[in-house]
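Descriptive structure summary
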Amino acid sequence: MASRKSLTGTEDLADFYNSSLSTYQPVIDKYPMRIHPFVSGLISHDPDGPIARQFIPDMQELSDELGSDDPLAENRQSPVKQIVHRYPDRVVFMVSNTCPSFCRFCMRKRFVGKQPQVTQSDIQDGLAYIARTPQIHEVILSGGEPFMQSNACLLDTMAQLKQMTHVNVIRIHTRVPFLMPERLTADLIEKLRKYHPVYINVHVNHASEITPDACRMITQMADAGFPLGSQTVLLKGVNDCPETMLELMKALLPLRIRPYYIHHLDDTQGTRHFQTDIETGLNIMKCLRGQISGMAVPQFMIDLPNGGGKIPMLPDYVKARTPVSWLFWNYAGKLFEWKRPGKKK
Ligand SMILES: *Cc1c(COP(=O)(O)O)cnc(C)c1O
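The structure reproduced in this document is the subject of the present report. (Residues numbered from 1 in each chain as written. Predicted model: local features only at pLDDT ≥ 70, side-chain atom pairs only at ≥ 80, totals over all residues. Heavy atoms only, no water.)

1. Things to note about the site of the ligand
Defined as follows: To be near a molecule or strand, a residue needs just one of its heavy atoms within 4 Å of it. Polar contacts, as counted here, are pairs of nitrogen or oxygen atoms within 3.5 Å of one another; within protein the pair requires one atom able to donate a hydrogen and one able to accept it, and residues that are adjacent in sequence qualify only if both atoms are side-chain atoms. Shrake-Rupley sampling with a 1.4 Å probe provides the accessible areas, and residues are treated as covered by the protein chains on show and by no other component. Helix numbers and strand numbers start at the N terminus; a helix is a DSSP run of H or I with at least 4 residues, a strand a run of E with at least 2. Under this grouping Gly is polar, as are all residues other than the nonpolar Ala, Val, Leu, Ile, Met, Phe, Trp, Tyr, Cys and Pro and the charged Asp, Glu, Lys and Arg.
In the vicinity of the ligand, the contacting residues are Val84, Arg86, Tyr87, Arg90, Val92, Ile140, Arg171, Tyr260, Tyr261 and Lys310. The separation between an oxygen atom of the ligand and a polar side-chain atom of Tyr260 is 2.6 Å. Burial of the ligand by the protein chains amounts to 91% of its free accessible area of 390 Å². The set of elements that each furnish at least two residues to the shell around the ligand consists of strand E1 (83-87), strand E2 (90-94) and strand E7 (257-263). Ranked by the residues each element gives to the shell around the ligand, the list is headed by E1, at three residues. Within the shell around the ligand, the residues separate by chemical class into six nonpolar, no polar and four charged.

2. A few points about the sheet that holds strand E10 (residues 318-321)
The following threshold applies: Strand pairing is defined by DSSP finding a minimum of two bridges between the two strands. Fitted lines through C-alpha atoms give the axes, limited to the stretch in contact for helices. The angle between two N-to-C directions lies from 0 to 180 degrees.
Pairing is antiparallel in the open sheet, where three strands are placed in the order E10-E11-E12. Edge strands, defined here as strands with exactly one partner in the open sheet, are E10 and strand E12 (335-339). Going across the sheet, the axis of each strand differs from the next one's by a mean of 20°, ignoring polarity. Of the pairings in the sheet, the one linking E10 to strand E11 (residues 325-329) comprises three bridges and is antiparallel in character. The residue of E11 that forms the bridge with Arg321 is Trp326.

3. Describing the environment of Asp240
How we decide: In this scheme, a residue with accessible area under 20% of its type's maximum is buried, one over 50% is exposed, and one in between is partly exposed, where area comes from a 1.4 Å probe on protein chains only. Any two residues whose heavy atoms approach within 4.5 Å are treated as being in contact.
Considering the arrangement of structural elements, one finds Asp240 in the loop between strand E6 (228-233) and helix H10 (242-252). You can call Asp240 partly exposed: its relative accessible area is 27%. Once residues within four sequence positions are removed from consideration, Asp240 is found in contact with Leu234, Leu235, Thr276, Thr280 and Ile284. Within the local environment of Asp240, its side chain forms a polar contact with the backbone nitrogen of Gly237, the two atoms lying 3.2 Å apart.

4. Examining the packing of H10 against helix H11 (residues 278-288)
Note the following rule: Reported orientations rely on four angle classes, namely roughly parallel under 35 degrees, roughly antiparallel over 145, roughly perpendicular from 65 to 115, and oblique for the rest. If you view the pair so one helix is near and one far, a crossing is left-handed when the near helix is turned anticlockwise from the far one by less than a right angle, and right-handed when it is turned clockwise.
Between H10 and H11, whose axes approach to 9 Å, the crossing angle comes to 55°. Between H10 and H11, the angle is such that the two are oblique. In this structure, H10 crosses over H11, and the sense of that crossing is right-handed. The segment H10 lies against H11, with Pro242, Met245, Leu246 and Met249 engaging Asn283, Ile284, Cys287 and Leu288.

5. As for the packing of aromatic side chains
To keep things clear, this is the line we draw: When two rings of Phe, Tyr or Trp (its six-membered ring) have centres within 6.5 Å they constitute a pair, described as stacked for plane angles under 30 degrees, edge-to-face for angles over 60, and tilted for the intermediate range. Both a distance and an angle decide whether a charge sits over a ring: NZ of Lys or CZ of Arg must be within 6 Å of the ring centre and within 35 degrees of the ring normal.
This model, assessed by the stated rule, comprises three aromatic pairs. Taken together, a centroid distance of 5.9 Å and an interplanar angle of 25° make the contact between Trp326 and Phe328 stacked. We classify Trp326 as partly exposed; its relative accessible area is 22%. For Phe328, a relative accessible area of 29% translates into the label partly exposed. One cation-aromatic arrangement involves Arg90 over Tyr87; the distance from NZ or CZ to the ring centre is 4.1 Å.

6. Description of the packing of helix H5 (residues 120-131) against helix H6 (residues 151-163)
Relative placement of two packed helices is described by the angle separating their axes and the distance separating the axes. One can describe the packing of H5 onto H6 by two numbers: an axis separation of 11 Å at closest approach and a directional angle of 15°. As summarised for this structure, H5 and H6 are arranged roughly parallel, according to the angle between their axes. Judged by the sense of rotation from one axis to the other, the crossing of H5 with H6 is right-handed. Only Cys153, Asp156, Thr157, Gln160 and Leu161 of H6 make contact with H5, whose side of the interface consists of Gln120, Ile123, Gln124, Leu127 and Ile130.

7. Considerations on the sheet that holds E6
Through backbone hydrogen bonds, the strands of a sheet pair up, either in parallel or in antiparallel fashion. Taken in spatial order, the nine strands of this open sheet run E1-E2-E3-E4-E5-E6-E7-E8-E9, and their pairing is mixed. Edge positions in the sheet fall to E1 and strand E9 (309-313), since each has one partner strand and no second. Between one strand and the next, the sheet's axes are offset by a mean angle of 25°, whatever the strand orientation. Across five bridges, E2 lies against strand E3 (residues 138-142) in parallel orientation. Following the sheet pairing, Val91 is matched in E3 by Val139. The strands that helix H9 (residues 212-223) touches are strand E5 (198-203), E6 and E7; relative to E6, the one it contacts most, it runs at about 135°. H10 rests against E6 and E7 of the sheet, and its axis sits at about 150° to E7.

See below:
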(Lines give C-alpha, C1' and ligand atoms only; values in the text may rest on other atoms or scores of the structure.)
Protein backbone atom coordinates (compact mmCIF):
# COMPACT_ATOMS: atom_id res chain seq x y z
CA MET A 1 0.00 0.00 0.00
CA ALA A 2 1.25 3.45 -0.91
CA SER A 3 1.95 5.61 2.07
CA ARG A 4 3.15 9.19 1.69
CA LYS A 5 1.32 10.12 -1.46
CA SER A 6 -1.34 12.72 -1.93
CA LEU A 7 -4.71 11.34 -2.94
CA THR A 8 -6.92 13.47 -5.16
CA GLY A 9 -8.91 11.18 -7.43
CA THR A 10 -10.51 7.76 -7.81
CA GLU A 11 -7.40 6.30 -9.41
CA ASP A 12 -5.22 7.31 -6.49
CA LEU A 13 -7.77 5.84 -4.15
CA ALA A 14 -8.04 2.55 -6.06
CA ASP A 15 -4.28 2.37 -6.13
CA PHE A 16 -4.05 3.15 -2.44
CA TYR A 17 -6.58 0.53 -1.41
CA ASN A 18 -5.31 -1.81 -4.09
CA SER A 19 -8.80 -2.33 -5.38
CA SER A 20 -11.19 -1.04 -7.99
CA LEU A 21 -13.07 1.85 -6.56
CA SER A 22 -14.87 3.25 -9.58
CA THR A 23 -18.01 3.32 -7.46
CA TYR A 24 -16.45 6.23 -5.61
CA GLN A 25 -16.42 8.41 -8.69
CA PRO A 26 -19.96 9.82 -8.20
CA VAL A 27 -19.10 10.76 -4.62
CA ILE A 28 -15.92 12.51 -5.65
CA ASP A 29 -17.75 14.24 -8.50
CA LYS A 30 -20.18 15.75 -6.01
CA TYR A 31 -17.81 16.30 -3.10
CA PRO A 32 -14.17 16.56 -4.12
CA MET A 33 -11.54 14.45 -2.42
CA ARG A 34 -8.14 15.63 -1.37
CA ILE A 35 -5.80 13.91 1.06
CA HIS A 36 -2.42 15.37 1.88
CA PRO A 37 0.56 12.96 1.89
CA PHE A 38 1.00 13.37 5.64
CA VAL A 39 -2.58 12.18 6.16
CA SER A 40 -2.37 9.35 3.62
CA GLY A 41 0.73 8.24 5.51
CA LEU A 42 -1.34 8.02 8.68
CA ILE A 43 -4.20 6.26 6.90
CA SER A 44 -1.86 3.66 5.44
CA HIS A 45 -1.16 2.41 8.96
CA ASP A 46 -4.86 1.90 9.62
CA PRO A 47 -6.83 1.92 6.32
CA ASP A 48 -10.20 1.43 8.03
CA GLY A 49 -9.41 3.47 11.10
CA PRO A 50 -10.64 6.78 12.49
CA ILE A 51 -8.47 8.94 10.22
CA ALA A 52 -9.48 7.02 7.09
CA ARG A 53 -13.11 7.45 8.03
CA GLN A 54 -12.67 11.22 8.23
CA PHE A 55 -11.08 11.57 4.79
CA ILE A 56 -11.93 8.60 2.53
CA PRO A 57 -15.12 9.23 0.49
CA ASP A 58 -18.12 7.12 1.40
CA MET A 59 -21.06 6.22 -0.85
CA GLN A 60 -23.37 7.16 2.02
CA GLU A 61 -22.56 10.80 1.30
CA LEU A 62 -24.82 10.52 -1.73
CA SER A 63 -27.80 8.99 0.05
CA ASP A 64 -28.31 11.98 2.35
CA GLU A 65 -31.05 14.00 0.68
CA LEU A 66 -32.29 15.89 3.70
CA GLY A 67 -29.29 17.77 5.06
CA SER A 68 -28.80 21.40 4.10
CA ASP A 69 -25.83 22.68 2.13
CA ASP A 70 -25.62 25.65 4.53
CA PRO A 71 -27.03 24.30 7.82
CA LEU A 72 -26.17 27.40 9.82
CA ALA A 73 -27.43 29.82 7.19
CA GLU A 74 -24.01 31.44 7.24
CA ASN A 75 -24.67 32.99 3.88
CA ARG A 76 -27.38 35.13 5.46
CA GLN A 77 -25.03 36.44 8.14
CA SER A 78 -22.36 37.37 5.69
CA PRO A 79 -22.02 41.14 5.28
CA VAL A 80 -19.12 40.70 2.86
CA LYS A 81 -18.10 37.59 0.96
CA GLN A 82 -15.57 36.01 3.33
CA ILE A 83 -17.01 37.12 6.68
CA VAL A 84 -19.68 35.60 8.93
CA HIS A 85 -20.84 38.10 11.56
CA ARG A 86 -23.18 36.35 13.99
CA TYR A 87 -22.13 37.64 17.40
CA PRO A 88 -21.81 41.32 18.24
CA ASP A 89 -18.12 41.37 19.12
CA ARG A 90 -16.46 38.79 16.88
CA VAL A 91 -16.42 37.56 13.31
CA VAL A 92 -15.29 34.51 11.40
CA PHE A 93 -13.03 35.58 8.53
CA MET A 94 -12.69 32.79 5.95
CA VAL A 95 -9.35 33.64 4.43
CA SER A 96 -9.21 30.45 2.37
CA ASN A 97 -11.71 28.29 0.51
CA THR A 98 -9.64 25.19 0.52
CA CYS A 99 -7.73 22.72 2.70
CA PRO A 100 -4.78 20.35 2.35
CA SER A 101 -7.19 17.49 3.07
CA PHE A 102 -10.97 17.59 2.80
CA CYS A 103 -12.91 16.33 5.82
CA ARG A 104 -15.88 14.32 4.61
CA PHE A 105 -18.04 15.78 7.41
CA CYS A 106 -17.16 19.40 6.58
CA MET A 107 -19.87 21.94 7.51
CA ARG A 108 -18.68 24.06 4.59
CA LYS A 109 -18.81 21.22 2.06
CA ARG A 110 -20.82 23.66 -0.07
CA PHE A 111 -17.69 25.48 -1.11
CA VAL A 112 -14.51 23.84 0.23
CA GLY A 113 -12.56 22.57 -2.74
CA LYS A 114 -15.17 23.91 -5.15
CA GLN A 115 -14.94 27.67 -5.24
CA PRO A 116 -11.93 29.50 -6.62
CA GLN A 117 -9.28 30.53 -4.13
CA VAL A 118 -10.01 33.61 -2.06
CA THR A 119 -8.50 36.60 -3.82
CA GLN A 120 -6.53 39.52 -2.48
CA SER A 121 -9.50 41.75 -3.16
CA ASP A 122 -11.84 39.45 -1.16
CA ILE A 123 -9.39 39.70 1.75
CA GLN A 124 -9.23 43.48 1.43
CA ASP A 125 -13.06 43.63 1.43
CA GLY A 126 -13.09 41.59 4.64
CA LEU A 127 -10.46 43.79 6.27
CA ALA A 128 -12.35 46.92 5.23
CA TYR A 129 -15.53 45.58 6.86
CA ILE A 130 -13.69 44.85 10.09
CA ALA A 131 -12.03 48.27 9.98
CA ARG A 132 -15.37 50.07 9.67
CA THR A 133 -17.10 47.94 12.34
CA PRO A 134 -15.67 49.06 15.70
CA GLN A 135 -17.76 46.64 17.77
CA ILE A 136 -15.61 43.76 16.45
CA HIS A 137 -13.02 42.93 19.10
CA GLU A 138 -11.97 39.49 17.94
CA VAL A 139 -11.28 38.10 14.48
CA ILE A 140 -11.29 34.35 13.90
CA LEU A 141 -9.27 33.35 10.86
CA SER A 142 -10.84 30.23 9.43
CA GLY A 143 -11.75 28.77 6.08
CA GLY A 144 -11.15 26.27 4.68
CA GLU A 145 -7.75 26.16 6.22
CA PRO A 146 -6.26 29.60 6.92
CA PHE A 147 -2.74 28.25 6.45
CA MET A 148 -3.58 27.48 2.81
CA GLN A 149 -2.99 31.18 2.28
CA SER A 150 0.58 32.17 1.50
CA ASN A 151 2.73 33.35 4.37
CA ALA A 152 2.90 36.81 2.81
CA CYS A 153 -0.87 37.12 2.58
CA LEU A 154 -1.52 35.72 6.04
CA LEU A 155 1.07 37.94 7.68
CA ASP A 156 -0.21 40.97 5.81
CA THR A 157 -3.76 40.21 7.00
CA MET A 158 -2.51 39.90 10.59
CA ALA A 159 -0.53 43.13 10.27
CA GLN A 160 -3.59 45.01 9.08
CA LEU A 161 -5.74 43.58 11.87
CA LYS A 162 -3.10 44.49 14.41
CA GLN A 163 -3.31 48.11 13.31
CA MET A 164 -7.03 48.29 14.06
CA THR A 165 -7.19 49.47 17.64
CA HIS A 166 -10.64 47.93 18.22
CA VAL A 167 -9.39 44.42 17.39
CA ASN A 168 -7.90 43.01 20.59
CA VAL A 169 -7.53 39.34 19.79
CA ILE A 170 -6.81 37.28 16.69
CA ARG A 171 -7.80 33.63 16.77
CA ILE A 172 -6.73 31.04 14.20
CA HIS A 173 -8.79 27.89 13.62
CA THR A 174 -6.68 25.20 11.96
CA ARG A 175 -6.05 21.49 11.47
CA VAL A 176 -2.55 22.07 10.14
CA PRO A 177 -0.59 21.45 13.37
CA PHE A 178 -1.82 17.85 13.39
CA LEU A 179 -2.40 17.14 9.71
CA MET A 180 0.28 19.11 7.86
CA PRO A 181 2.82 19.98 10.56
CA GLU A 182 5.59 20.84 8.10
CA ARG A 183 3.52 23.86 7.00
CA LEU A 184 4.43 25.66 10.24
CA THR A 185 8.11 26.44 10.01
CA ALA A 186 10.06 27.95 12.87
CA ASP A 187 10.36 31.09 10.76
CA LEU A 188 6.59 31.40 10.27
CA ILE A 189 5.92 30.85 13.97
CA GLU A 190 8.46 33.54 14.80
CA LYS A 191 6.70 35.96 12.45
CA LEU A 192 3.20 35.14 13.69
CA ARG A 193 4.06 35.87 17.30
CA LYS A 194 4.56 39.53 16.45
CA TYR A 195 0.77 39.77 16.32
CA HIS A 196 0.09 38.54 19.83
CA PRO A 197 -2.36 38.04 21.41
CA VAL A 198 -2.92 35.26 18.87
CA TYR A 199 -4.92 32.28 20.07
CA ILE A 200 -4.69 29.07 18.09
CA ASN A 201 -7.51 26.54 18.19
CA VAL A 202 -6.57 23.23 16.67
CA HIS A 203 -9.18 20.93 15.22
CA VAL A 204 -8.40 17.38 16.36
CA ASN A 205 -10.79 14.44 16.47
CA HIS A 206 -8.87 11.37 17.53
CA ALA A 207 -5.80 10.48 19.59
CA SER A 208 -4.28 8.74 16.56
CA GLU A 209 -3.79 12.23 15.04
CA ILE A 210 -1.29 12.99 17.79
CA THR A 211 1.95 12.06 16.07
CA PRO A 212 5.55 12.90 17.03
CA ASP A 213 5.72 15.46 14.17
CA ALA A 214 2.56 17.13 15.44
CA CYS A 215 3.84 17.14 19.02
CA ARG A 216 7.03 18.89 17.93
CA MET A 217 4.98 21.54 16.16
CA ILE A 218 2.62 22.03 19.07
CA THR A 219 5.54 22.39 21.47
CA GLN A 220 7.05 25.12 19.31
CA MET A 221 3.74 26.94 19.13
CA ALA A 222 3.20 26.74 22.88
CA ASP A 223 6.77 27.93 23.48
CA ALA A 224 6.08 30.86 21.15
CA GLY A 225 3.30 31.90 23.51
CA PHE A 226 0.18 31.02 21.53
CA PRO A 227 -2.55 29.96 23.94
CA LEU A 228 -3.75 26.69 22.43
CA GLY A 229 -7.28 25.31 22.49
CA SER A 230 -8.90 22.34 20.80
CA GLN A 231 -12.09 21.81 18.86
CA THR A 232 -13.39 18.32 18.25
CA VAL A 233 -16.33 17.29 16.13
CA LEU A 234 -18.38 14.43 17.53
CA LEU A 235 -18.42 11.85 14.73
CA LYS A 236 -20.09 8.48 14.58
CA GLY A 237 -17.53 5.76 14.02
CA VAL A 238 -14.62 8.08 14.81
CA ASN A 239 -14.90 9.33 18.38
CA ASP A 240 -18.45 8.70 19.58
CA CYS A 241 -17.52 6.58 22.55
CA PRO A 242 -16.42 7.81 25.98
CA GLU A 243 -13.11 5.90 26.07
CA THR A 244 -11.98 7.35 22.72
CA MET A 245 -12.87 10.89 23.73
CA LEU A 246 -11.30 10.44 27.16
CA GLU A 247 -8.04 9.27 25.59
CA LEU A 248 -7.99 12.31 23.29
CA MET A 249 -8.77 14.92 25.95
CA LYS A 250 -6.27 13.36 28.34
CA ALA A 251 -3.56 13.54 25.69
CA LEU A 252 -4.16 17.22 24.83
CA LEU A 253 -3.49 18.77 28.23
CA PRO A 254 0.17 17.65 28.49
CA LEU A 255 0.66 19.22 25.03
CA ARG A 256 -0.50 22.52 26.57
CA ILE A 257 -3.70 22.39 24.54
CA ARG A 258 -6.71 23.26 26.65
CA PRO A 259 -9.76 21.36 25.35
CA TYR A 260 -12.30 23.98 24.31
CA TYR A 261 -15.29 22.60 22.41
CA ILE A 262 -16.78 19.29 21.34
CA HIS A 263 -19.17 20.15 18.55
CA HIS A 264 -22.34 18.27 17.82
CA LEU A 265 -22.22 17.67 14.07
CA ASP A 266 -24.11 20.17 11.93
CA ASP A 267 -26.71 18.65 9.62
CA THR A 268 -24.79 19.33 6.45
CA GLN A 269 -25.91 17.49 3.33
CA GLY A 270 -23.73 14.46 2.70
CA THR A 271 -22.67 13.98 6.33
CA ARG A 272 -25.66 12.13 7.83
CA HIS A 273 -23.66 8.90 8.32
CA PHE A 274 -21.49 10.76 10.85
CA GLN A 275 -24.47 12.06 12.83
CA THR A 276 -24.94 11.01 16.47
CA ASP A 277 -27.71 11.60 18.98
CA ILE A 278 -27.33 14.48 21.38
CA GLU A 279 -27.52 11.87 24.16
CA THR A 280 -24.29 10.31 22.86
CA GLY A 281 -22.46 13.57 23.46
CA LEU A 282 -24.11 14.16 26.83
CA ASN A 283 -23.10 10.70 27.93
CA ILE A 284 -19.51 11.37 26.86
CA MET A 285 -19.54 14.61 28.85
CA LYS A 286 -20.82 12.72 31.88
CA CYS A 287 -17.97 10.24 31.56
CA LEU A 288 -15.31 12.93 31.15
CA ARG A 289 -16.34 14.98 34.18
CA GLY A 290 -14.61 13.62 37.25
CA GLN A 291 -12.50 11.06 35.37
CA ILE A 292 -9.98 13.61 34.13
CA SER A 293 -8.75 17.05 35.13
CA GLY A 294 -11.43 19.68 34.89
CA MET A 295 -8.98 21.55 32.65
CA ALA A 296 -9.26 18.71 30.12
CA VAL A 297 -13.06 18.83 29.98
CA PRO A 298 -14.31 20.86 27.01
CA GLN A 299 -17.79 22.25 26.54
CA PHE A 300 -20.23 20.32 24.38
CA MET A 301 -21.85 22.69 21.90
CA ILE A 302 -24.65 22.58 19.38
CA ASP A 303 -24.78 25.26 16.72
CA LEU A 304 -28.27 26.39 15.70
CA PRO A 305 -29.19 28.35 12.58
CA ASN A 306 -31.23 31.52 12.16
CA GLY A 307 -29.24 33.46 14.71
CA GLY A 308 -29.34 30.70 17.34
CA GLY A 309 -25.61 30.34 17.49
CA LYS A 310 -23.73 27.98 19.78
CA ILE A 311 -25.54 26.56 22.77
CA PRO A 312 -23.64 24.66 25.50
CA MET A 313 -25.16 21.35 26.58
CA LEU A 314 -24.56 19.70 29.93
CA PRO A 315 -25.74 16.45 31.45
CA ASP A 316 -28.30 17.05 34.20
CA TYR A 317 -26.62 17.59 37.54
CA VAL A 318 -29.65 19.14 39.24
CA LYS A 319 -32.27 16.59 40.23
CA ALA A 320 -34.57 18.95 42.13
CA ARG A 321 -34.73 22.43 43.60
CA THR A 322 -36.98 23.60 46.43
CA PRO A 323 -37.13 26.87 48.37
CA VAL A 324 -34.77 25.38 50.96
CA SER A 325 -32.42 23.14 49.03
CA TRP A 326 -31.08 21.83 45.76
CA LEU A 327 -30.52 18.17 45.08
CA PHE A 328 -27.53 17.31 42.88
CA TRP A 329 -26.05 14.28 41.22
CA ASN A 330 -22.26 14.26 41.53
CA TYR A 331 -19.90 12.96 38.82
CA ALA A 332 -20.36 9.40 40.04
CA GLY A 333 -24.15 9.60 39.92
CA LYS A 334 -24.67 9.87 43.68
CA LEU A 335 -27.18 12.31 45.13
CA PHE A 336 -26.12 15.21 47.37
CA GLU A 337 -28.11 18.00 48.90
CA TRP A 338 -27.17 21.67 49.14
CA LYS A 339 -29.11 23.60 51.73
CA ARG A 340 -29.80 27.25 51.11
CA PRO A 341 -27.73 29.12 53.74
CA GLY A 342 -29.85 30.55 56.54
CA LYS A 343 -32.87 28.39 55.75
CA LYS A 344 -34.15 25.96 58.33
CA LYS A 345 -35.45 22.68 57.10
C1 LIG B 1 -18.35 29.54 16.31
C2 LIG B 1 -18.44 30.90 15.83
C3 LIG B 1 -17.80 31.94 16.51
C4 LIG B 1 -16.95 31.73 17.72
O5 LIG B 1 -17.70 31.34 18.83
P6 LIG B 1 -16.96 31.16 20.23
O7 LIG B 1 -18.04 30.63 21.12
O8 LIG B 1 -16.47 32.51 20.64
O9 LIG B 1 -15.82 30.20 20.04
C10 LIG B 1 -17.95 33.22 16.01
N11 LIG B 1 -18.70 33.47 14.93
C12 LIG B 1 -19.34 32.49 14.26
C13 LIG B 1 -20.13 32.84 13.06
C14 LIG B 1 -19.22 31.18 14.68
O15 LIG B 1 -19.84 30.20 14.01
